[in-house]
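Residue-level listing of the chains:
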Amino acid sequence: MCGIVAYVGPRDARDVIVDALGRMEYRGYDSSGLAVADSGRVEVCKRAGKLANLTDLIEQVGPETLSGHTGIGHTRWATHGRPTDANAHPHVSADGKAAIVHNGIIENSAVLRDELTAQGVELASDTDSEVACHLLAREFNQGDNKGDFLASVLSVINRLEGAFTLLFMHADRPGEIIAARRSTPLIVGVGDGEMFLGSDVAAFIEFTRHAVELTQDSVVRITADGHEIMDFTGRAITGRDFTIDWDLAAAEKGGYDSFMLKEIHEQPAAVRDTLAGHFDGNRVLLDEQNLTGADMRSFDKVYVVACGSAYHSGLLAKYAIEHWVRLPVEIEVASEFRYRDPVLDSRTLVVAVSQSGETADTLEAVRHAKEQGAKVLAVCNTNGAQIPREADAVLYTHAGPEIGVASTKAFLAQVAANYIVGLALAQERGTKYPDEIREIWAELEAIPAKIEALLTCEQQCLDIARGLGAIRTMLFLGRGVGFPVALEGALKLKELAYIHAEGFPAGELKHGPIALIEDDLPVVVVVPSPRGVKVLHSKIVSNIQEIRARGAKTIVIAEQGDDAVEPYANWLIRIPQTSSIMQPLLATVPLQFLAAEIARQCGNEDIDKPRNLAKSVTVE
Ligand code: F6R
């Protein structure tokens, strides 16, 4: 959801900002823009559409414009106002001197617009954000705060309601940028004689590994020489310094056509790195000790809250925890959770799963759970993000940066992390013997090599996708842990190929959805291992026959050696053998390849940036 960046230092701000926007475009790509300030003027360039439109415009206006050493930039995921040039950020005050970029939603913008309009200010956009630059200009140009940049910014932010990260720049204060954050992300990058701000570290990873994380309601003022952090009253506070542990290559495509394909291929490492350090040969270890053994033993219920793919990983947590721990688990879409008044108390463990750690729906669910006295464990891929900060404990997935908007490696890492949580609970509560835990861990540890072997199915998936012809709708069926895999496969196809797709438990088909089956309808079936619950396997074989009899074309995902399915598969994708509970970590992979290639066949070349989506959804 909107990416923002700021730079102050000796380099050409335009170049630094355009590069940074390229790395943050996954956060939103409805429009982009930048503003550069130098010697008493602010120059702005902005354009609707993808970043390429902005770079074309910059080329047209020529390199002499936008030259300077202080700048701010923005890539937008539209909330208020359509994705037009006028609604693109930065927004500039009527005197042309104050410029802002914004991520979030200013909830009282209508009142502030009315106030400004009554004072004769003409607003140029439909956005909620624009009010901030006019308020800044008013404060800076008149009254008690006249000429005082910091005091003017503090006065403005204290009038705003909602969630925001705002970057403020003023032509009369070149060499200085002030930023404020409330509930949306902002990280400071500390360089040598230069300073950066970004929605995430991708903004400045090229230049520095030294970053500072800001707490809620922080203001930061940067100049080339350093930074000061304060609260919304201007009182000095501190942030948390950290070292960025991934490099520029991780944020670049590394020879693949898309980030998504690169990230699919990174899945063995994502799962391996997520498991690393969590088992010492005898015991499963969680990262943080804020959740004590006594806590783990005291829980009488688990809720998993998450959105989208993270929610699908949570469904798998339910299967694993109920099976291993015999503890009831409810899984809920985070956006529904707090409005439903769920029954929570100090004996409830809430597991909040989020790749970004920023998702507003999940964050609000976490806050609600904590208010009700529940303990919250975050499963998160982003160091220091808001959700892990507010949770009681955190288990980090180590998938590395995920740039493709459709989640792939982060999803598999979430499944692995959820299984670690399940095993830690089983160990603490004694529902599994140590040798059983060792055995399950060994299966988990074998998964990365099996994914590696499975990646060779890419070519087969491309061939299948090409052989399918035009598709209007596609169904995905699974049973047991295959059901969340079916949901995930359908979600990938919807978001990448813009094709109607639905996932069902295969047994539910005959209760309605079977009416959708018609000649040549492609149906993916995720087949459980015949070595697992026998009856489940034979039932799904019957389900495949039922749909084939009605004309469907079946793409069957089945483990090596499962001969029973062969006669009923139009296409058969083989996955390595593993235990039933681990199968989703493998069966998901071909569905990712299929979705990516079907998207291409449908003419959607840019699978990293599906329409209407953004990577981090920081609004509810
Ligand atoms: C789907 C996808 C989304 C996210 C969801 C939650 O491919 O990426 O459904 O899984 O928006 O995001 P996080 O995990 O950042 O909370």
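The paragraphs below set out a description of the structure included in this document. (Residues numbered from 1 in each chain as written. Predicted model: local features only at pLDDT ≥ 70, side-chain atom pairs only at ≥ 80, totals over all residues. Heavy atoms only, no water.)

Further remarks concern the pattern of salt bridges. Applying the stated rule across the entire model yields 38 salt bridges. A salt bridge links Arg340 to Glu332, with the nearest nitrogen and oxygen atoms 2.6 Å apart. Accessibility expressed as a relative area gives 40% for Arg340, which makes it partly exposed. Owing to a relative accessible area of 10%, Glu332 belongs among the buried residues under this scheme. Here Glu488 and Lys492 are joined by a salt bridge, their closest N and O atoms 2.6 Å apart. Of the two residues, Glu488 and Lys492 both sit in helix α16 (residues 482–497), four residues apart, roughly one turn of that helix. Residue Glu488 is classed as buried on the basis of its relative accessible area, which comes to 0%. (Salt bridge = Lys/Arg side-chain N within 4 Å of Asp/Glu carboxyl O. Buried < 20%, exposed > 50% of the residue type's maximum accessible area, 1.4 Å probe, protein only. Helix = DSSP H or I, 4+ residues; strand = E, 2+ residues; numbered from the N terminus.)

To continue, consider the sheet that holds strand β9 (residues 187–190). An order of β3-β2-β4-β1-β10-β9-β11-β14 is seen for the eight strands of this open sheet, with the pairing classed as antiparallel. Among the strands making up the open sheet, the edge pair consists of β3 (41–48) and β14 (240–243). The average undirected angle you get between the axes of adjacent strands in this sheet is 15 degrees. Relative to strand β4 (residues 70–76), strand β1 (residues 3–8) runs antiparallel, the two being bridged by six bridges. Within the sheet, the bridge partner assigned to Ile4 lies in β4 and is His74. (Pairing = 2+ DSSP bridges. Axes fitted to C-alpha atoms, helices over the stretch in contact; angles between N-to-C directions.)

Of all residues adjacent to the ligand, which total 15 residues, the nearest are Ser354, Gln355, Ser356, Thr359 and Glu495. A distance of 2.6 Å separates an oxygen atom of the ligand from a polar atom in the side chain of Ser354. Within the backbone of Gln355, one N or O atom sits 2.6 Å away from an oxygen atom of the ligand. Out of a free accessible area of 410 Å², the ligand has 89% covered by protein chains. Structurally, the ligand is housed in the second largest pocket. Secondary-structure elements contributing two or more residues to the shell around the ligand are α9 (308–325) and α16. A per-class count over the shell around the ligand returns five nonpolar, eight polar and two charged. The residues that make up the shell around the ligand include at least three from each of domain 2 (259–432) and domain 3 (456–601). (Near = heavy atom within 4 Å. Polar contact = N/O pair within 3.5 Å; in protein donor to acceptor, adjacent residues only side chain to side chain. Areas by Shrake-Rupley, 256 points an atom, 1.4 Å probe, with all protein chains shown as cover. 1 Å grid on protein atoms, 1.4 Å probe; cavity = no way out; pocket = protein on both sides within 12 Å on 5 of 7 lines; lining within 4 Å. Sits in = over half its atoms within 2 Å of the grid points. Nonpolar A, V, L, I, M, F, W, Y, C, P; charged D, E, K, R; others polar. Domains from an automatic or database assignment.)

A few words on helix α3 (residues 109–118). For α3, the complete set of buried residues consists of Ser109, Leu112 and Leu116. The buried residues of α3 occupy an angular sector of 65 degrees when the element is viewed end-on, so they sit on one face. Exposed residues on α3 whose side chains face more than 90 degrees from its buried face are Val111, Asp114 and Ala118. Buried residues belonging to α3 abut β6 (98–106) and α4 (131–141). Remark: Gly120 follows α3 within two positions and exhibits a positive phi of approximately 90 degrees. (Arc of directions from axis to C-beta. Contact = heavy atoms within 4.5 Å.)

Glancing now at the packing of α3 against α4. One can describe the packing of α3 onto α4 by two numbers: an axis separation of 10 Å at closest approach and a directional angle of 45 degrees. Between α3 and α4, the interaxial angle falls into the category oblique. In the packing of α3 onto α4, the handedness of the crossing is left-handed. Of the residues in α4, those in contact with Ser109, Leu112, Arg113, Glu115 and Leu116 of α3 are Val131, His134, Leu135 and Arg138. Of the residues contributing to the contact of α3 with α4, the split by class is four nonpolar, two polar and three charged. (Parallel < 35°, antiparallel > 145°, perpendicular 65-115°, else oblique. Left-handed = near helix turned anticlockwise from the far one by under 90°.)

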